[in-house]
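Geometric and topological summary
Spelled out, the chains give:
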Amino acid sequence: MRNYELVFIIQTELDEADTNSVIEKVSGWITESGGSVDKIERWGKKKLAYQIRKQREGYYVLMNVRMQPSYVRELERNLQFIEPVLRFLVTASD
């Protein structure tokens with residue numbers, strides 16, 4: 001198991017319940033794969049540097065997670081298919 005930081009940006013048009021649902025879905029994928037979510041930081045709504053899918057603002061979330069390196073590619077693939085997720089980045093942290 002390795003430590004990773006996952007940062008993703010969610011559309012701001014979602015209400016709080018839908019935003020929480022997206023965060024819980026991503027957390028669930030990680031725990032189902034045998035990993036763990038150590039910390040979730042909600043950075044909140046911030047202005048984007050450039051427009052993404054006609055959005056000028058996004059809701060930023062940082063997760064510190066532990067998971068197998070082999071699961072990173074599958075997690076990235078799953079994140080691509082969540083409509084409200086504008087961008088994401090997974091980086092190893094040690």
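Being a predicted model, the structure only gives us computed values, none of them experimental.

Inspection of the sheet shows strand β1 (residues 2–11) paired to strand β3 (residues 55–67) by 10 bridges, in the antiparallel sense. Looking at β3, one finds that Val7 is bridged to Leu62. Relative to strand β4 (residues 85–92), β1 is paired through 7 bridges, and the arrangement is antiparallel. Pairing of Leu6 across the sheet is with Val90, part of β4.

Here the focus is the sheet that holds β4. Ordered by their spatial adjacency, 4 strands build an open sheet running β2-β3-β1-β4, and the pairing between neighbours is antiparallel. The open sheet has two free edges, formed respectively by β2 (36–52) and β4, since each of these has just one partner strand. Within this sheet the neighbouring strands show an average axis-to-axis angle of 20 degrees, counted without direction. Of the pairings in the sheet, the one linking β2 to β3 comprises 11 bridges and is antiparallel in character.

At a minimum axis distance of 11 Å, the contact between helix α1 (residues 16–32) and helix α2 (residues 72–80) shows a crossing angle of 155 degrees. In this view, α1 runs roughly antiparallel relative to α2, as classed from their interaxial angle. When the axes of α1 and α2 are compared, the crossing they make is right-handed. Of α2, the residues touching α1 (which contributes Val26, Trp29 and Ile30) are Leu75, Asn78 and Leu79. Here the residues of the contact of α1 with α2 are counted per class, giving 5 nonpolar, 1 polar and no charged.

This brings us to the environment of Arg66. Within the secondary structure, Arg66 sits in strand β3. Through-space distance from the C-alpha of Arg66 to that of Asp38 is 7.3 Å; in sequence the pair is 28 residues apart. Residues contacting Arg66, with those up to four places away along its chain left out, are Met1, Arg2, Asn3, Ile30, Gly35, Ser36 and Asp38. Reaching out from Arg66, the side chain makes a polar contact with the side chain of Asn3 at a distance of 2.9 Å.

With that out of the way, let us pick up the packing of aromatic side chains. According to the stated counting rule, one finds 1 aromatic pair in the structure shown. Residues Trp43 and Tyr60 carry aromatic rings whose centres are separated by 6.4 Å and whose planes lie at 25 degrees to one another, so their mutual orientation is stacked. Taken together, the residues Trp43 in strand β2 and Tyr60 in strand β3 connect sequence positions 17 residues apart. For Trp43, a relative accessible area of 37% gives the class partly exposed. Among the residues examined, Tyr60 registers a relative accessible area of 17% and is labelled buried.

This paragraph deals with α1. Look at α1: 24 Å from first C-alpha to last across 17 residues, which is about the 24 Å you get at 1.5 Å a residue. Listed in full, the buried residues belonging to α1 are Thr19, Val22, Ile23, Val26, Ser27, Gly28, Trp29 and Ile30. The inward-facing, buried residues of α1 abut β1, β2, β3, α2 and β4. At the C-terminal side of α1, Gly34 shows a positive phi close to 95 degrees.

Scoring rules and cut-offs
For every chain, the first residue of the written sequence is number 1, and numbering continues from 1 along that sequence. Whole-chain, interface and lining totals are the exception, using all residues; otherwise, since this is a predicted model, local features are given only for residues with pLDDT of at least 70 and side-chain atom pairs are given and counted only at 80 or more. By convention in this description, side-chain values take in all heavy atoms of the structure and omit both hydrogens and water. Two strands pair if DSSP finds at least two bridges between them. Only DSSP runs of H or I with at least four residues qualify as helices, and only runs of E with at least two residues qualify as strands; both kinds are numbered from the N terminus onward. Axis definition: a line fit to C-alpha positions, over the contact stretch in the case of helices; interaxial angles, taken between N-to-C directions, run 0 to 180 degrees. To sort the angles, those under 35 degrees are grouped as roughly parallel, those over 145 as roughly antiparallel, those from 65 to 115 as roughly perpendicular, and the leftovers as oblique. Two helices that cross are described as forming a left-handed crossing if the nearer one is turned anticlockwise from the farther one by less than a right angle, and a right-handed crossing if clockwise. Here a residue-residue contact requires only that any non-hydrogen atoms of the pair lie within 4.5 Å. Under the grouping applied here, Gly and all other residues not named as nonpolar or charged are polar, the nonpolar ones being Ala, Val, Leu, Ile, Met, Phe, Trp, Tyr, Cys and Pro and the charged ones Asp, Glu, Lys and Arg. As used in this structure description, the phrase polar contact means that two N or O atoms lie within 3.5 Å; if the pair is within protein, one of them must be able to donate a hydrogen and the other to accept it, and residues adjacent in sequence are counted only when both atoms belong to side chains. Only centres within 6.5 Å qualify two rings of Phe, Tyr or Trp (six-membered ring in Trp) as a pair; their planes then separate them into stacked at under 30 degrees, edge-to-face at over 60, and tilted for everything else. Relative accessibility thresholds used throughout: buried, under 20% of the residue-type maximum; exposed, over 50%; partly exposed, between the two (1.4 Å probe, protein chains only). Helix span, expected: 1.5 Å multiplied by one less than the number of residues in the helix.

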